[in-house]
Amino acid sequence: MDGQHSSRFTVTRSSKTVAANERATLLEDPGFGRLFTDHMVTIRYTEGEGWHSHSVGPREPFQIDPACAVLHYAQEIFEGMKAYRLADGSIAMFRPEENARRFAQSAERLAMPEIPEDLFLEAVAELVKIDADWIPSGEGSLYLRPFLFASEAFLGVRPSKEYIFCVIASPAGAYFKGGKKAVTLWVSEHYTRAARGGTGAAKCGGNYAASLVAQKEATEQGCDQVVFLDAAENKWVEELGGMNVFFVMEDGSIVTPPLTGTILPGITRNSIITLARAKGHAVREEPYSFAQWRADAASGALREAFACGTAAVVTAIGTVRSKDGDFTIGNGDGGLVTESLRGELTGIQRGTVADPAGWVHIV
C-alpha cells in the first residue's frame, strides 16, 4: 500500500476542495456519515473487458439511466473500514486485506465480478492519500466506504454485464450520539434479518434495507439498536442491525453466535475473538438463546455483553427491552472485560499498543 500513485489510476484533483479553515471547523464535530471528503475513486467493469477506467477524481453525483440494474434488482455490495492518524503523523488502516476478502465473498454471493485484492487495497489507499487532511484528530477517524453496483441499463432478472466500483470517505466521530458508554437494545420478534441460504453473510444493501423497519421499531421503543433472532425458530440471538454481539460469563468465558451463513462475519468480531483468547478467555462460538440471555442476566451468570463493528468498535450493552419486559446486564454500564478488549483493540488500531499479528498497515 506504499508508494506513488499507480499508473493504472488517473488522478484529477478537485477544483472545489473545502477550504482548510472550514474543514477544521467541520472536523470539530464530524458526527458519523454526515460529512464527505473532496474526492472519490471509481473503477468500471464491463463483461469481456474486465476492470478499466481507474480514476481518482472530485466527489460528484453519478449519472445513471432509469433502467440501471441496481435500481430494480438491488445488485449492490459495500464495505466499511477506517483510516487513523497515528501519533507520529503517519496514517494507518486496520486489517484492510480482510475487507478486500469479504468484499470478494459478497460479490460472489450476489453474482458480481470480484475485484482483485491488490486493486481493492490500492483504490482505498489512493483515496486516503489524496484526502488525508480530512482525518480528524484525537479519537476521530476517516470512515471509508468501498461499494460496487450493477450499472447496466436493462430490465430482466439476470446478473448485470456492467458495474461501477467506487470508494468514498467520511470523517467520523462517535457512532452513537453522545458517545454512549452502554446502549439499550430492542429485541425484534416480528422481523428477522436473514435465513439459511440467504444473503446474511454478504455485506449488501438489501440486508440493511430489511432491517430498517425493525430499527424504526427499536427507536420508537427508546432503544439505540435492534437485535435479531434467528428466522427458523425465533429463538437464537444472531446479531444487531449492524453489529455482532458477545456475552461475557461469570467464569470469564465469552460466547458469540456462530457463523452459519445468516450473520455477517465481522472483521472486528474476528479480532475480538483473537484478542480475548490471547488474554486467556475461553471463547465459544455457539448458539445462545434469548431466553437464556434473560435468565443469565437475572442470575448473574452473565456479567457483560457488548456489540462490535467497524463503526462503533466495541460498545457495551446495558439494557435489553422486549414485549415481555426489560432486563439489565450487570450494572447496566459495561464492565472490565468489555473495556479491556476495547482498549486493546483501539490501541492497536492507533499504534499505542503492540501489534504482534501485523494487523496495522501504514498507508
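Here the structure is a predicted model, which means the values were calculated and not measured. (Residues numbered from 1 in each chain as written. Predicted model: local features only at pLDDT ≥ 70, side-chain atom pairs only at ≥ 80, totals over all residues. Heavy atoms only, no water.)

1. Describing the overall build of the protein chain
To keep things clear, this is the line we draw: Helix numbers and strand numbers start at the N terminus; a helix is a DSSP run of H or I with at least 4 residues, a strand a run of E with at least 2. Relative accessibility decides the category of a residue: with a 1.4 Å probe and only protein chains considered, values under 20% of the type maximum give buried, values over 50% give exposed, and everything between is partly exposed. In this description, contact between two residues means that some pair of their heavy atoms is separated by no more than 4.5 Å. Each accessible area value is a Shrake-Rupley result obtained with a 1.4 Å probe; residue values ignore everything except the protein chains displayed when judging cover.
Looking only at helices and strands, one finds eight helices and 18 strands in the protein chain. Each principal axis of the C-alpha atoms in the protein chain carries an extent, and together these give about 60 × 50 × 35 Å. By the burial criterion, 53% of the 363 residues in the protein chain qualify as buried. Pairs at least 24 residues apart make up 72% of the contacts formed inside the protein chain by residues separated by at least 6 positions. Of the roughly 16000 Å² of accessible surface on the protein chain, a fraction of 49% belongs to carbon and sulfur atoms.

2. Brief notes about the pairing of strand β3 (residues 50-58)
The test is simple: Pairing between two strands is assigned when DSSP locates at least 2 bridges connecting them.
As judged from the two bridges shared by strand β1 (residues 10-11) and β3, these two strands associate in the parallel manner. Among the inter-strand pairings, valine 11 is bridged to a residue of β3, identified as valine 56. Two elements, strand β2 (residues 39-46) and β3, share seven bridges in a ladder whose sense is antiparallel. Among the inter-strand pairings, histidine 39 is bridged to a residue of β3, identified as proline 58. Taken together, β2 and the strand that follows it, β3, pair antiparallel across an intervening segment of three residues, in which glycine 48 is found at a positive phi of about 95°.

3. Some details on the environment of tryptophan 293
Of note, tryptophan 293 is situated in helix α7 (residues 290-299). Look at tryptophan 293 and you get buried, because its relative accessible area is 0%. Separated by 156 residues in the primary sequence, tryptophan 293 and serine 137 have C-alpha atoms spaced 39 Å apart. Leaving out residues up to four positions away in the same chain, tryptophan 293 has contacts with Leu185, Val227, Val237, Phe247, Tyr288, Leu302, Val320, Phe327 and Ile329.

4. Brief notes about the confidence of the model for the protein chain
Condition: Within a predicted model, pLDDT stands for the predictor's per-residue confidence, ranging from 0 to 100.
Overall, the predicted model of the protein chain reaches an average pLDDT of 94, with 96% of residues at or above 70. Throughout residues 1-6 the model reports pLDDT below 50, and contacts reaching past four residues in sequence, or to other chains, amount to 18 contacts.

5. Points about unusual backbone geometry
Comment: phi is negative for the bulk of residues other than glycine, and the bulk of peptide bonds are trans. Of note in this structure, serine 53 is not a glycine but carries a positive phi near 55°. You can see serine 53 is positioned in strand β3. Judged by relative accessible area, serine 53 falls into the partly exposed class, the value being 44%. Look at arginine 95: it is not a glycine, yet its phi comes out positive at around 50°. In this structure, arginine 95 sits in the loop between β6 (91-94) and α3 (96-109).

6. Description of a nonpolar patch on the surface
Formally: Residues with no salt bridge and a relative accessible area higher than 30% make up the patches, which join like charges within 9 Å and nonpolar side chains (Val, Leu, Ile, Met, Phe, Trp, Tyr) within 5 Å. The rule for a salt bridge is simple: a side-chain nitrogen of Lys or Arg has to be within 4 Å of a carboxyl oxygen of Asp or Glu.
Taken together, the side chains of Phe62, Ile64 and Leu71 present a nonpolar region at the surface, about 250 Å² in accessible area. Residue placement: phenylalanine 62 occurs in the loop between β3 and α2 (69-73). With relative accessibility at 30%, the residue phenylalanine 62 sits in the partly exposed group.

7. Concerning helix α4 (residues 117-130)
What counts here: In this analysis, the expected span of each helix is defined as 1.5 Å times one less than the number of residues it contains.
Taking 1.5 Å per residue, 14 residues should reach 20 Å; α4 reaches 20 Å between its end C-alpha atoms and fits that length. In terms of residue burial, α4 counts as a mostly covered element, since 11 of its 14 residues are buried. All buried positions along α4 are accounted for by Leu119, Phe120, Leu121, Glu122, Ala123, Val124, Ala125, Glu126, Leu127, Val128 and Ile130.

8. A word on the state of the cysteines
Test applied: Throughout, disulfides are identified as pairs of cysteine sulfur atoms within 2.5 Å of each other.
According to the stated counting rule, one finds zero disulfides in the structure shown. Here cysteine 68 is not disulfide-linked; the sulfur of cysteine 166 is the nearest cysteine sulfur, at 13 Å. Residue cysteine 68 is classed as buried on the basis of its relative accessible area, which comes to 1%. Cysteine 204 takes part in no disulfide bond, and the closest cysteine sulfur to it belongs to cysteine 68, at a distance of 17 Å. Since its relative accessible area comes to 4%, cysteine 204 is described here as buried.

9. Topic: the environment of alanine 202
If you trace the backbone, alanine 202 turns up in the loop between β9 (182-188) and α5 (205-220). Through-space distance from the C-alpha of alanine 202 to that of isoleucine 263 is 8.3 Å; in sequence the pair is 61 residues apart. With near-sequence residues (within four places) excluded, alanine 202 lies in contact with Ser106, Arg109, Leu110, Asn207 and Leu264.

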